[in-house]
Amino acid sequence: MKNELVIVIDFGGQYNQLVARRVRECNVYCEIYSYKIDIEKIKEMNPKGIILTGGPNSCYEADSPTYSKELFELGIPVLGLCYGAQLMQHILGGKVEKAAVREYGKTNVIVDKKESAIFKGVKEETTCWMSHFDYISKTAPGFEITSHTTDCPVASAENTDQNLYAIQFHPEVLHTEEGTKMLSNFVMNVCRCSGDWRMDSFVEESIKKIREKVGDGKVLCALSGGVDSSVAAVMLSKAIGKQLTCVFVDHGLLRKNEGDEVEAVFGPEGPYDLNFIRVNAQQRYYDKLKGVEEPEQKRKIIGEEFIRVFEEEAKKIGAVDYLVQGTIYPDVVESGLGGESAVIKSHHNVGGLPDYVDFKEIIEPLRDLFKDEVRKAGLEMGLPEYLVFRQPFPGPGLGIRIIGEVTEEKVKIVQDADAIYRQEIANAGLDRSIGQYFAGLTNMRSVGVMGDERTYDYAVALRAVNTIDFMTAEAAEIPYEVLNKVMNRIINEVRGVNRVMYDLTSKPPGTIEFE
Ligand code: XMP
């Protein structure tokens, strides 16, 4: 399956994952490795191409990340991007210096060598994303300058005899208008990949591998109904059928009808072959959460109760051979196992291996996939779109979208309000364009008037954010008519609500969730 591979060597740049994604968009399988990867390992993998990423350092400083010269002598095409480009020049005898001014942002790049393989089909003047202080002041012997900008004499250079390419800007970010074309040119025309990495064959191969690995063993999966665990469960089900048991804990803090939706897909009436156990633990959770107002404490209670419920079910099932986890590729890279970038995302749900389940090994069938690829795999295996394109939903569920004490009544209010909100966002055609949106419940009650009656009811908060990485976010600009319609419907249809507000806060200083 992985016989046609391009590797990305990560020097700590913030766009490392984007580079790999763009390569995969060319239907070429791509993996990210730290610059500390051994040259022998690279030889063993024998990739069709190597891409060096950007990074925050200056290549001429003594302890900056580097690589041995041998990398450029393997006969494998190498493309250096930003820091990677400078490093290539530096190692091969060119000169890199600090510039008087930093070149940053969208920049006009003038292509000097139109027949360069990298610039095939690219305009003579093209907008590119620059972000650098250092610049290549002299190219290494054998290199020819292929483009420049007003401030930067070497925007790109190449040594076609040795298949070495250096690009100072960032073709992987979408601000570089023809960047995808340039990367595709490298991968297809220089590395001569055929582009035969396809989701259907990945799924098929994965199922085969799981079957071989598991044999007649037993597998347990904690199914949350989220995209990753759902896709992982379906893959396992296709591979080993009833040897798989999925435990789905309904903690009573799910979105409206979500528990039934998950059961409809994975339960005995659904299309998949597996053992499905739904644990209706709603009341247990409401009892535990009674009187608790502090958000961290709520999170802790919900998390601990999950372990307890899951443990009880696992005991009933007895020893299993494998436990399924829905780890995906960004988790692997961000936890420092794949690339070089700092661990920037704290994984809310990763709490180490569960020691309360008796199992021998973990299976992670989605470990190699990006989120959009997980979605593709889900669709490929027939999962319904509403499951596949589900928004992120926190493990503690509505427990952290209700300010103050969580009660069954409040859960019902927020479920109903949220369902209306989601419906109207979908009706307005905005459901795929907003990063994350949901209704939360403030703990505030205030006076209103409905008909001739005075009311004293809750205020619902509508939240919608646009975000790239969920580390920062901005409130989405939803058309006023849509908000107005949502407000009207919530007030009219949801008992216990007499006010609707829109949360304008960005992150930071706010968080995305509403707790
Ligand atoms: P915050 O609220 O921290 O959220 O800005 C960032 C992203 O993470 C999600 N989130 C969670 N996801 N378990 C999860 O699986 C959690 O406990 C959790 N808390 C927040 C949140 O929905 C947003 O996408």
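Residues numbered from 1 in each chain as written. Predicted model: local features only at pLDDT ≥ 70, side-chain atom pairs only at ≥ 80, totals over all residues. Heavy atoms only, no water.

A. Local environment of the pattern of salt bridges. Summed over all chains, the structure comprises 36 salt bridges. Between Asp416 and Lys412 there is a salt bridge whose closest N-O contact spans 2.7 Å. With Asp416 and Lys412 both in helix α13 (residues 408-427), this residue pair falls four residues apart, about one helical turn. The partly exposed category is assigned to Lys412, whose relative accessible area is 48%. With a closest N to O distance of 3.6 Å, Arg463 and Asp503 form a salt bridge. On the criterion of sequence distance, the pair formed by Arg463 in strand β16 (residues 453-466) and Asp503 in the segment after β18 (497-502) is long-range, its members being 40 residues apart. For the pair formed by Arg463 and Asp503, the shared burial category is buried. Here the salt bridges share partners, and the residues they tie into one network are Arg21, Arg22, Glu25 and Asp372. (Salt bridge = Lys/Arg side-chain N within 4 Å of Asp/Glu carboxyl O. Helix = DSSP H or I, 4+ residues; strand = E, 2+ residues; numbered from the N terminus. Buried < 20%, exposed > 50% of the residue type's maximum accessible area, 1.4 Å probe, protein only.)

B. How the structure looks around the pairing of strand β12 (residues 275-280). As defined by bridge partners, strand β11 (residues 244-250) adjoins β12 across six bridges and the pair is classed as parallel. Along β12, the bridge assignment pairs Phe248 with Arg278. Note that the unit made of β11, helix α7 (residues 258-266) and β12 has a crossover that is right-handed. (Pairing = 2+ DSSP bridges. Right-handed = clockwise from strand over helix to strand, strands pointing away.)

C. Geometry of the site of the ligand. Lining the immediate surroundings of the ligand are 14 residues, of which Arg299, Gln436, Lys507, Ile512 and Glu513 lie closest. The side chain of Arg299 places a nitrogen or oxygen atom 2.6 Å from an oxygen atom of the ligand. Within the side chain of Lys507, a nitrogen or oxygen atom sits 2.7 Å from an oxygen atom of the ligand. Protein contact buries 86% of the 490 Å² of open area that the ligand shows by itself. (Near = heavy atom within 4 Å. Polar contact = N/O pair within 3.5 Å; in protein donor to acceptor, adjacent residues only side chain to side chain. Areas by Shrake-Rupley, 256 points an atom, 1.4 Å probe, with all protein chains shown as cover.)

D. Region of interest: empty space enclosed by the protein. The tally for this structure, following the rule as stated, stands at one cavity of 30 Å³ or more. Put simply, the largest cavity is a space of about 30 Å³. Around the largest cavity, the lining residues are Ser116, Ile118, Phe119, Thr146, Ser156, Ala157, Glu158, Tyr165, Ala166 and Ile167. Only β8 (156-159) and β9 (164-167) provide two or more residues apiece to the lining of the largest cavity. (1 Å grid on protein atoms, 1.4 Å probe; cavity = no way out; pocket = protein on both sides within 12 Å on 5 of 7 lines; lining within 4 Å. Points joined across faces, edges and corners; volume = space filled by probe spheres on them.)

E. Representation of the sheet that holds strand β6 (residues 125-138). The nine strands are arranged β2-β1-β3-β4-β9-β8-β7-β5-β6 in an open sheet whose pairing can be described as mixed. Lying at the two open borders of the sheet, with one neighbouring strand each, are β2 (29-34) and β6. Adjacent strand axes in the sheet meet at a mean angle of 20 degrees, parallel and antiparallel pairs treated alike. Bridge count between strand β5 (residues 95-111) and β6: twelve bridges; the pairing is antiparallel. Its bridge partner being in β6, Thr107 is matched across the sheet by Cys128. Contacts from helix α3 (residues 83-91) reach β3 (49-52), β4 (78-81), β5, β6 and β9 within the one sheet, and its direction differs from that of β4 by about 120 degrees. Strand contacts of helix α4 (residues 179-190): β3, β4, β6 and β9, with the helix running at about 165 degrees to β4, the strand carrying the most contacts. (Axes fitted to C-alpha atoms, helices over the stretch in contact; angles between N-to-C directions. Contact = heavy atoms within 4.5 Å.)

Note that every value here comes from positions in space, so none of it alone points to a role or purpose.
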